[in-house]
Amino acid sequence: MSKIIENFAWASPPENCMVYGLGIRHIRTGTEQIIPNIHSPLPMFMLIFNHDAVKVTIDGQEVEYAPDTLCIWDMKHRVYYGNTANNWRLSWLQFYPQVMEKYLERFGFLLNKPVKFIDDSTVYREFMTVCEEFCESSVFDPDIIENALCGILLKASKMISCGRKTIIVPPEFSALKNYIDNNFQRNLNLKGLAGRINLEPSYLSRKFKEYFGNGPIDYVIKLRLEKAAYLLKYTGMSVGECGARAGFQSLYHFSRIFKRNYKVSPSGFRTK
């Protein structure tokens, strides 16, 4: 499985397996109950890694987690993840409690406490190791699964020691992101966005990227590209109209940015 895996989910554990199921960059829409897990009636620990910014409601209180945030949940809270504006992705592992407890103690990891990673490379690599073991091996090797889990927890403990525990997004940044989510087709610029929350443009750009993984203008472009790709795929609009509806000011600008990000022209994307 050397190819990149997206939107993968698996829930057919071998006998005596420590893992009940996993998902890799699984695409979700709307809001979903994570804890207690509605798909598993058994007591589980859920290792959740959200690749995109996502709202998290914990016992009725809403916060927002930045992209690339890991949290291991027990069954003590009622937790919902969601993003009503866009699709969002998460990777997840379901563990039996007796498996997780010894490793949490070993690495000093606290349950129900989010940890911000720099990116998703470590989690993706270790999840792929688990995936390959289940999907390609005729004999299940628990040591491989344990090593993958330890790799994730070791990286998390390093993030904690580096002071990367604070990942709660300030309300003004959440409000600005919501504004962009609902207005990305408009003619937005960095100075105007910064003025909405009375910040210097350079400071806004740096902090927005810290919280959401992209600077505000890069985030606008990301949303426009996703909208354009959707229109190209599911409508009969011309390429130029798809770009205009997504917020691009010219066909040339749209085509150049689309090809740079998707490695294919808009018309080639539609054909493919």
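Anyway, here's the lowdown on the structure attached to this text. All figures in this text were calculated on a predicted structure; none of them were measured in a lab.

### Focus: the overall build of the protein
Helix and strand counts for the protein stand at ten helices and eight strands. Long-range contacts, defined here as pairs at least 24 residues apart, represent 69% of the contacts in the protein between residues at least 6 apart. As displayed, the protein has an accessible area near 14000 Å², and 50% of this comes from carbon and sulfur atoms.

### As for the environment of Ile-34
Tracing the chain through its elements places Ile-34 in strand β2 (residues 19-35). Taking the C-alpha atoms as reference points, Ile-34 and Tyr-81, 47 residues apart in sequence, are found 6.6 Å from one another. If we skip the residues at most four places from it in the chain, Ile-34 touches Met-46, Ile-48, Val-79, Tyr-80, Tyr-81 and Leu-90.

### Some points on the pattern of salt bridges
For the coordinates displayed, the defined rule picks out eight salt bridges. The salt bridge partner of Asp-52 is Arg-89, with a shortest N-O separation of 3.0 Å. Of the two residues, Asp-52 sits in the loop between β3 (45-50) and β4 (54-58) while Arg-89 sits in strand β7 (residues 79-95), which places them 37 residues apart along the sequence. A relative accessible area of 14% means that Asp-52 is categorised as buried. A salt bridge links Glu-210 to Lys-207, with the shortest nitrogen-to-oxygen separation between them at 3.0 Å. Separated by three residues within a single helix, Glu-210 and Lys-207 lie in helix α6 (residues 201-212), roughly one turn from each other. Ionic contacts of the salt-bridge type, sharing partners, join the residues Glu-64, Lys-177 and Asp-181 into one network.

### Focus on the packing of aromatic side chains
Using the criterion set out here, one finds eleven aromatic pairs in the structure. Here the aromatic rings of Tyr-65 and Tyr-81 are separated by 6.3 Å at their centres, their planes lie at 90°, and the arrangement is edge-to-face. Of this pair, Tyr-65 sits in strand β5 (residues 61-65) while Tyr-81 sits in strand β7, and the two are 16 residues apart along the sequence. Tyr-81 shares its class with Tyr-65; the two are buried. Seen in terms of ring centroids, Phe-258 and Tyr-262 are 4.4 Å apart; in terms of plane orientation they differ by 15°. Their pairing is stacked.

### Re the side chain of Arg-28
By secondary structure assignment, the location of Arg-28 is in strand β2. Polar side-chain contacts of Arg-28 include one of 3.0 Å to the side chain of His-26. Discounting residues that sit within four places of it in the chain, Arg-28 has contacts with Asn-87, Trp-88, Leu-90 and Trp-92.

Procedures and definitions
Residues numbered from 1 in each chain as written. Predicted model: local features only at pLDDT ≥ 70, side-chain atom pairs only at ≥ 80, totals over all residues. Heavy atoms only, no water. Helix = DSSP H or I, 4+ residues; strand = E, 2+ residues; numbered from the N terminus. Contact = heavy atoms within 4.5 Å. Areas by Shrake-Rupley, 256 points an atom, 1.4 Å probe, with all protein chains shown as cover. Salt bridge = Lys/Arg side-chain N within 4 Å of Asp/Glu carboxyl O. Buried < 20%, exposed > 50% of the residue type's maximum accessible area, 1.4 Å probe, protein only. Phe/Tyr/Trp six-rings, centres within 6.5 Å; stacked < 30°, edge-to-face > 60°. Polar contact = N/O pair within 3.5 Å; in protein donor to acceptor, adjacent residues only side chain to side chain.

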